[in-house]
Each structure stands twice: as structure tokens, then as C-alpha cells.
Amino acid sequence: MKDARVLGVDACRAGWIGVVPSAGPGDGGAARAYFAPRVADLVALADADGEVAVVAVDMPIGLPDPYPDSDDPQGRTRRRADVLARAELGPRWRSVFMTPVRAALEADDYASAVAVNRRLAGEGVSRQAFGLKEKLLEVERWVREAGRRVVEVHPELSFARLAGAPLPHPKTTWAGAERRRELLAAAGVVLAGDLGRAGAMAGVDDVLDAGAAAWTALRVVSGEARPLPDPPEVFSDGIPCAIWA
């Protein structure tokens, strides 16, 4: 799989953005970017230019099971992937949200989700996590039929590995965005130009995150990436659960 084509994927407001790193000087050296409203359509677009072997997605894959004793107020149902990523990210720990249990994600509204997760997992749900429920469940459905290797990533963890430490500035600042772009370019993921429709539909941070996911996918292909935890957890949904970096 040394020369396998990979795709890094991040959610954006209008759907999904994907980044495929350059295969070499023959394609101009810059990464290609794709946009689609649905993740399956995004991968199909990338496949049309050459089949993708590994897809790295910035979205939780594998939902935790309810705490065995839901009457215990100190009970916690947390994915080890989320806990370990937070610990490694230090000052950037808030970028990792704790993945809710399935029943909370299926709740009709945020208040209900908080109540359900508090009862079944011992803690509430962040608004960010609940706001991603549709995309999270979309990925879960798609990954079972993806027909290729799919791994979960967290861009801030990928950037920390690239830099050798968690980055000091958020990606929403000029300094933070520029530093992330420089790190990716030095690692062979060159994000340049208008990127076509993807550049018009996605935010700067979305493009950078998809690039970080693509870098991690390259590491999966080369065998350099490692999962958190190692080995991955497997919950009752049967999907191996780990964040790769």
C-alpha cells in the first residue's frame, strides 16, 4: 500500500470536505480538495480521480455503551480514545468532546440528550457533540459499508504530533492557521490556491483539519500511525474505537 491514495475528511457547515495529498510532482505538488453534502458522495468524488484506499475522518467512530449501574451518580461512560487524546493535548484539551451514548444522540433536543446521557453515562453532553449528531450517525452508517479502511482522527492531535507538542494558538487565529498550514506543507500536504468548490464551501479551519486527517491517513498507510488506545476498544456496536495519529 506504499503508493495508496488516501483521503482526509472533515465536517463543515454545508456538508463534508476532503483532502487528497499530492501523489508527486506530476500532479503539480498541491493537494486536491473535494466537497459534498454527504460523506458517501464525497468519497465517491475522490474515487472518481483514483480509488482511495484509506479514509481518515474527524468524527467519533464507535459509540460508548451505557454505564452498567445507571443509578450510580459517579458512573462514567467515556471512550478511552477521548480521554487519552485530551490528556495528550494539554492546553488544547477542550477541542476533544466526550462522545455521548447512542440514546443521547437519538434524543429529540439538547435538553433531553443531556438528561439521557447523565442518566446512562453519569455526565451531560456538550452542545458541540449534540450539534454533530446527524453527521456522527451518518458516518457510523457509512463506515459499515465503506469497503475500505476507515480510521477516526482528531486534527489537533495530528497537529500536535506534527509539531512535537500541542500548538499554542487556536486554528481560528491567523497565527494558528498559518502555523498549521506550514506544518502540513512541510509534511507533504500542500494546501494552496482556491481549491475549487471545496474552497468556497468550507471554512479555513475545515480545510486545515481535512489536511491533518489526510496526513494521518498517510501515516496509516506507511505503518507509522498508532491508535489511542492500543489496541482499540470495541463496544457493543462492534466497531473498533480509537483515534489514530
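Our structure's up above, just so we're on the same page.
Heads up: these notes are all about the structure in this document. (Residues numbered from 1 in each chain as written. Predicted model: local features only at pLDDT ≥ 70, side-chain atom pairs only at ≥ 80, totals over all residues. Heavy atoms only, no water.)

### Points about helix α6 (residues 133-143)
Within α6, nine of the eleven residues are buried, leaving the element largely enclosed by the surrounding structure. Taken together, the buried positions of α6 are occupied by Lys133, Lys135, Leu136, Leu137, Glu138, Val139, Glu140, Trp142 and Val143. (Buried < 20%, exposed > 50% of the residue type's maximum accessible area, 1.4 Å probe, protein only. Helix = DSSP H or I, 4+ residues; strand = E, 2+ residues; numbered from the N terminus.)

### Observations regarding the packing of aromatic side chains
For the structure shown, the criterion picks out one aromatic pair. Across from the ring centre of Trp244, 4.9 Å away, lies the NZ or CZ of Arg149, which sits over that ring. Above the ring of Phe159, the side-chain terminus of Arg180 is found at 5.5 Å from the ring centroid. (Phe/Tyr/Trp six-rings, centres within 6.5 Å; stacked < 30°, edge-to-face > 60°. Lys NZ or Arg CZ within 6 Å of the ring centre and 35° of its normal.)

### Some points on the sheet that holds strand β3 (residues 32-36)
Strands sit in the order β3-β2-β1-β4-β5-β7-β6 across an open sheet of seven strands; the sheet is mixed. Strands with a single pairing partner mark the edges of an open sheet, and in this sheet they are β3 and β6 (227-234). Neighbouring strand axes in the sheet, compared pairwise and without regard to direction, differ in orientation by 30° on average. One ladder, built from two bridges, connects strand β5 (residues 149-153) with strand β7 (residues 240-244); its direction is parallel. (Pairing = 2+ DSSP bridges. Axes fitted to C-alpha atoms, helices over the stretch in contact; angles between N-to-C directions.)

### Quick look at the pairing of strand β2 (residues 15-20)
Counting buried residues in β2 gives six out of six residues, a clear majority hidden from the surface. Two elements, strand β1 (residues 5-12) and β2, share five bridges in a ladder whose sense is antiparallel. Within the sheet, the bridge partner assigned to Val9 lies in β2 and is Gly18. Once β1 ends, the chain turns through two residues before running back antiparallel as β2. Across five bridges, β2 lies against β3 in antiparallel orientation. The residue of β3 that forms the bridge with Val20 is Arg32.

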